[in-house]
Structures are given as C-alpha cells and as structure tokens.
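Chain by chain, the residues:
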Amino acid sequence: MKKAMGIGGLFALLGSLPAMAQDTAAEVAPIIDKGDVTWMMTASALVLFMTVPGLALFYGGLVRSKNMLSVMMQTTMIAAVVMIVWVLYGYSFAFGGSTSPYWGGLGKLFLAGVTPDSTAATFTDGVVLPEYVFIAFQMTFAAITPGLIIGAFAERAKFSGVLLFSVLWVTFIYFPIAHMVWDGAGLIFNMGAIDFAGGTVVHINAGVAALVWALVLGPRVGFGKDNMAPHSMTLTMVGAAMLWFGWFGFNAGSNLEATSGATLAMLNTFVCTAAAIVSWALVETITRGKASGLGAASGMVAGLVAITPACGTTGPVGAIILGLAVSPVCYFFVTTVKQKFGYDDSLDVFGVHGIGGIVGAIGTGILMAPGLGGMGGEDFAIGAQVMIQIKAVLITLLWSGVGSLILIYITKAITGIRVASDDERQGLDLTSHGESAYHS
C-alpha cells in the first residue's frame, strides 16, 4: 500500500508540475503596484505645478511690472516646446537603451516600442512602473530645467532666441547630462556619483548656462542706475511657496515608489528648506540689520536646490545642517561676488541654483555617511565619495558651460538674442507680446 501510495504521489506530483511552473513564473513576473503608479502620476503633476504657475509667478514677481508677462510667457512656452521635443526624441536621447556613456541613442525615437504594457524599472528588483508614467515624470524635469535659465536674461532677451536656444540646449546639454547621471550606462552614474533628484542634471546645469548667458548678453539698460527692484514680492512669495509644494514631487517622486525612501526624501525637503530660510534671514539680519521677504524666498529656493541631490541618502538632521550651510554661501555669491564682477544675472540663477547645487552635490558625499545619519553602507568613505561628487560637478560645469556658450552664439547668428534698447526700455510685455500684465 505504501508503494502504491508512493507511485500515486509521484503521478500527482508530475501532474502538478505545469501548475507549479506557472506559479514560479508568476512569482518572478515584474509587479506593477497601483500605489506606486498613483504616486508617480501625482508627482509628475506636482513638478508641472512647480513650473506653471510656480516658477512663472516666482520669476514674474521679481522683474519690473512691464516685463511680468514676458517672463510668464517664456516659462510657459519653454515647458510646452520641451514636452513635445521630449516625446519626439528627448526620451530616447536620455533613456533610449544605448550602452554609450554619453547619450541614450535612437532606440526610442518617437517613443518607438513604448506601449501601455511596456515598463520601466524602479529601485526594487521585480517592481516596475508603466513606462508612460516614467516618461511623463522625466518629461516634467526636462520642461522646468531650461525655464530656470530665464532668470539670467530676464527683461532683455529676444523671445524667438529664447525658444531656439532652449530646444538646442535640452538637445545637446540636458539630455546627455540626464543620461550620464541617471541611466545605468551613463558616465557619471558609473563613477558612483549620487544625484537623487537632479543637483547636477537640473540646478548646476541650468545655473552655469545662466551665468554664461549673463556674461554674453551684458547687463540690462540702466543696470546699476535705475530702480530694478521686484515689482511684486507678493507674487514672488506665492510662487516660491508653489515651488516648495511642487518640489515634493521633484524629490520624493525621484524615489519612483511610494515607499519609505519617498518619505525620507519628503521629510528632508521640509527641514532642509526650513533651515535655509532661517539661515538666510539670520545672515541678512547680521549684515543688513533686517530680514527681508526676498531673502526668505531666496533661502527657500536655496534650501530646495541643496537638498535635491541629497534628499534620498541624507538623514533629517544632516538635511538641517545642509540647509543652514547653503544660504550663507549663496548669499555671498548673490551679493559680494556678483557685485565685484559686475555681471547682471537678473534673478540670481547662478548664485542660487548653480552655487546651491554645487553645495548640495558635494554635501551629499559628506552627509551620506552613516555616522552622520546618512544611508551609506558600513564601508562608506566620505573622502572617496566627495571626490566622486566633485568630479561629477566638474563634468557638469564643463559640459554645460562650454556647450551653452557655443549654443548661445549659434542662436545669436540665427535669430538674435537681445531685443532693441528702445524695446527694452518700453518693456517686453508690450513690445514682444502686445499686452500688459496690469491696467491702471
């Protein structure tokens, strides 16, 4: 009987093998979690909110009233044009599957091969996202980054030149840097550099391009003589608050999953920004005797910029330290350094985004240490990681700096880059767009 039962059991086992194989296949099949998908759709919308209306209002309030709409139009149109470019070839150039360390290739040109069933990897083995939501999320990063550069040439750049430069810039500067930093085949990625949400890709990249623009374009008419104070600190503060709100999509969304990693990035985005606001206000109080609303808004953005590369690998106390450290450095650049060299970076893109991004990128290498509350492993070495971070910063500085200079002169030859002096005096709202932000 025992033998018979054994044979019967064997037949039963053999009969169940196809079902077991199916179960094993089901176990290893990639999982799409509805919570992750919902979060990434939300995060994508939050990053769009950073751009329009956040960045548009932040920059718009900082310029004179006669240029308010021009800044909003530049922000809006850059985002719209880059979204189209991203779908046509930008996604392929950044994440097209190429093994090149510098670009993603042509494999996903016009989103070839992308369907509702295709997926993109996350940081967890076996957990994936629909590729469409990954494309949308990365598209919002590409859309806002060239918009940051606007602040350097605000109130004097030619609208057609701005749009042409933006297309050229994302093509030859942004997409390659995004590939180098975030793609598995990328040069900077394989160096071991940490850039969780875009310190190099977004902020240093745009900040350096902004500095080059300011140097090539020259100062605004009346710079240093006329009153060029922000026309509406109310709008600037509202825009800055929108940036902070949307930045949770930027930073926590870069975790790609609704897990504890996203909650760490979210908390760090709160506390680093808060510390930077306090720090900027303290510096102003010490140096000027008063803490200003403009300073609070500037500190807010500086803190957001600094925590961007570090938000997923730094502990909350380290994030506070980073926020306290970044504002004095940025303050020094937007006051002392800019004044000494006399360049007109209208809205301090380089001083806040460029310098804040550098502080954050290098600080990432320090604050990742487990002894400082960071997420580094037991064999983590601060010195080695800091050197890697510095190399990543230098590559970005050179790629964006030299490339942007070339592209500005190409744009200048094709469309021109500066409006006529009389148009500048009258204001770009009327001369470039035929409308006014305000009617008395």
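Preceding this section is the structure that the text describes.
Residues numbered from 1 in each chain as written. Predicted model: local features only at pLDDT ≥ 70, side-chain atom pairs only at ≥ 80, totals over all residues. Heavy atoms only, no water.

Q: Which residues make up the environment of glycine 253, and what values go with them?
A: Inspection of the secondary structure assignment puts glycine 253 in the loop between α8 (233–252) and α9 (260–288). As a C-alpha pair, glycine 253 and alanine 143 span 110 residues in sequence and 16 Å in three-dimensional space. Ignoring any residue separated from it by four or fewer positions in sequence, one finds glycine 253 in contact with Trp39, Met40, Ala43, Phe137 and Phe248. (Helix = DSSP H or I, 4+ residues; strand = E, 2+ residues; numbered from the N terminus. Contact = heavy atoms within 4.5 Å.)

Q: Kindly report on the packing of aromatic side chains, identifying the contributing residues and their values.
A: Geometry of an aromatic ring pair is reported as the spacing of the ring centres plus the angle between the planes. Tallied over the entire structure, the rule returns 25 aromatic pairs. With centroids separated by 5.8 Å and ring planes inclined at 35°, the aromatic side chains of phenylalanine 58 and tyrosine 59 adopt a geometry described as tilted. Judged by its relative accessible area of 8%, phenylalanine 58 is buried. Given the relative accessible area of 1%, tyrosine 59 is considered buried. (Phe/Tyr/Trp six-rings, centres within 6.5 Å; stacked < 30°, edge-to-face > 60°. Buried < 20%, exposed > 50% of the residue type's maximum accessible area, 1.4 Å probe, protein only.)

Q: Which residues make up the sheet that holds strand β2 (residues 119–121), and what are the values?
A: The strands making up a sheet are joined through hydrogen bonds of the backbone, oriented either antiparallel or parallel. Strand order in the open sheet formed by three strands is β1-β3-β2, with mixed pairing between adjacent strands. Each edge of the sheet is formed by a strand with only one pairing partner; in this case those strands are β1 (31–32) and β2. Pairing of β1 with strand β3 (residues 127–130), which is carried by two bridges, proceeds in the parallel orientation. By the bridge assignment for β3, isoleucine 31 is matched with valine 127. Against the sheet, helix α2 (residues 34–62) engages β1 and β3, with an angle of about 45° to β3. (Pairing = 2+ DSSP bridges. Axes fitted to C-alpha atoms, helices over the stretch in contact; angles between N-to-C directions.)

Q: Outline the nonpolar core, supporting the account with residue identities and numerical values.
A: The biggest cluster of nonpolar side chains holds 119 residues, and the ones touching the most others in it are Tyr59, Trp86, Ile149, Trp169, Tyr174, Phe175 and Trp213. Broken down by element, this core gets its largest block of residues, 15 residues, from helix α5 (residues 159–182). The residues contacting tryptophan 213, other than those within four sequence positions of it, are Ile149, Ala152, Phe153, Phe165, Ile408 and Ile417. (Core = buried A, V, L, I, M, F, W, Y, C linked by side-chain atoms within 4.5 Å.)

Q: Can you explain helix α3 (residues 68–95)? Please cite residues and give values.
A: Because the α-helix completes a turn every 3.6 residues, residues three or four places apart line up on one side. Its axis deflected by about 65° at tryptophan 86, α3 carries its strongest bend there. At the C-terminal side of α3, glycine 97 shows a positive phi close to 95°. (Bend = angle between axes of the 7 residues up to and from the residue.)

Q: Report on the pattern of salt bridges, specifying residues and quantitative values.
A: Enumeration over the complete set of coordinates arrives at nine salt bridges. Its salt-bridge partner being arginine 288, residue glutamate 284 comes within 3.7 Å of it at the nearest N-O pair. Separated by four residues within a single helix, glutamate 284 and arginine 288 lie in helix α9, roughly one turn from each other. Judged by its relative accessible area of 6%, glutamate 284 falls in the buried class. Of the charged contacts in the structure, one is a salt bridge between aspartate 422 and arginine 425, with a shortest N-O distance of 3.4 Å. Note that aspartate 422 and arginine 425 are positioned in helix α14 (residues 421–426) at a spacing of three residues, about one turn of the helix. Residue classification places aspartate 422 among the exposed residues on the basis of a relative accessible area of 56%. (Salt bridge = Lys/Arg side-chain N within 4 Å of Asp/Glu carboxyl O.)

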